[in-house]
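Examination of the molecular architecture
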2 protein chains.
Amino acid sequence: MPHSRTVRCNCISISKHVNPKFIETLEIIPASQSCSRVEIIATMKNNGEKRCLNLESKAIKNLLTAVRKLRSKRSV
Amino acid sequence: MPHSRTVRCNCISISKHVNPKFIETLEIIPASQSCSRVEIIATMKNNGEKRCLNLESKAIKNLLTAVRKLRSKRSV
């Protein structure tokens, strides 16, 4: 997953069917001027590989709803 | 005999009253052998500063519920 400025989004491809048991950390990157979509990047436990999760997954949509609610607050 | 455990949490102090408008990315690090608590680290837009969010905040609890649901799935 290159992070160069020529690539506007971090995610080039989306991994479908990621087993959450093997997810170490989750990074949520909001939509911005450089990338028009939210990106959710999972770092995998076994090999540190970074995978971009599928925003169409129900569990991810649920997570994004919680993030939106958080962002709508004045303070967290 | 249990192994002696080194506590290696990323967060030393928790920032209360972080304005979500200034949060760039959110990183969610689950509890593990090296750190017994979940950690949520926000990278701030203006200066790239990393701040550890308060797990007692209602919006964060809501977010963690969504993460737990995600982790309970077979696939995301």
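What comes next concerns the included structure. (Residues numbered from 1 in each chain as written. Chains lettered and ligands numbered in written order. Predicted model: local features only at pLDDT ≥ 70, side-chain atom pairs only at ≥ 80, totals over all residues. Heavy atoms only, no water.)

1. Brief notes about the side chain of A:Ser15
Looking at the element boundaries, A:Ser15 is found in the segment before strand E1 (23–29). On the accessibility criterion, A:Ser15 (18% relative accessible area) is buried. (Helix = DSSP H or I, 4+ residues; strand = E, 2+ residues; numbered from the N terminus. Buried < 20%, exposed > 50% of the residue type's maximum accessible area, 1.4 Å probe, protein only.)

2. Digging into the environment of B:Ser15
With 39 residues separating them in the primary sequence, B:Ser15 and B:Asn54 have C-alpha atoms 6.4 Å apart. Residues contacting B:Ser15, with those up to four places away along its chain left out, are A:Val76, B:Arg51, B:Cys52, B:Leu53 and B:Asn54. (Contact = heavy atoms within 4.5 Å.)

3. With respect to the relation of the copies chain A and chain B
Superposition record for chain A on chain B: RMSD 0.1 Å, screw rotation 180°, translation along axis 0.0 Å. The transformation just described matches what one would write down for a two-fold rotation axis. The position closest to the rotation axis in chain A is occupied by the C-alpha of A:Glu27, lying 2.2 Å away. In this assembly the copies share their binding face: 100% of the residues contributing to the interface of chain A also contribute to that of chain B. (Least-squares fit on C-alpha atoms with pLDDT ≥ 70 in both.)

4. So, helix H1 (residues 58–71) of chain B
Over its 14 residues, H1(B) extends 20 Å from the first C-alpha to the last, a length consistent with the 20 Å expected when each residue adds 1.5 Å. Elements that come into contact with the buried residues of H1(B) comprise E1 and helix H1 (58–71) of chain A together with strand E1 (23–29) and strand E2 (39–44) of chain B. (Expected span 1.5 Å × (residues − 1).)

5. Thoughts on the state of the cysteines
All names here are of chain A. Scanning the model with the defined rule gives four disulfides over all chains in all. Linked covalently through their sulfurs, Cys11 and Cys52 form a disulfide whose S-S length is 2.1 Å. Where Cys11 bonds to Cys52 through sulfur, the torsion about that S-S bond is close to -90°, and the disulfide is left-handed. Taken together, the positions of Cys11 in the segment before E1 and Cys52 in strand E3 (residues 50–52) put the pair 41 residues apart, joining distant regions of the chain. A relative accessible area of 6% places Cys11 in the buried class. If the cysteines joined by disulfides in chain A are listed in sequence order, their pairing comes out as 1-3, 2-4. (Disulfide = S-S within 2.5 Å.)

6. So, the interface of chain A and chain B
Every contact between the two is made by 29 residues of chain A and, on the other side, 29 residues of chain B. Counting the surface lost from both chain A and chain B, the interface buries some 2600 Å², and carbon and sulfur atoms represent 62% of this. Remark: the boundary between chain A and chain B carries zero salt bridges. Here chain A is connected to chain B by 14 residue pairs in polar contact (both at pLDDT 80 or more). (Buried area = accessible area lost by both parts, 1.4 Å probe. Salt bridge = Lys/Arg side-chain N within 4 Å of Asp/Glu carboxyl O. Polar contact = N/O pair within 3.5 Å; in protein donor to acceptor, adjacent residues only side chain to side chain.)

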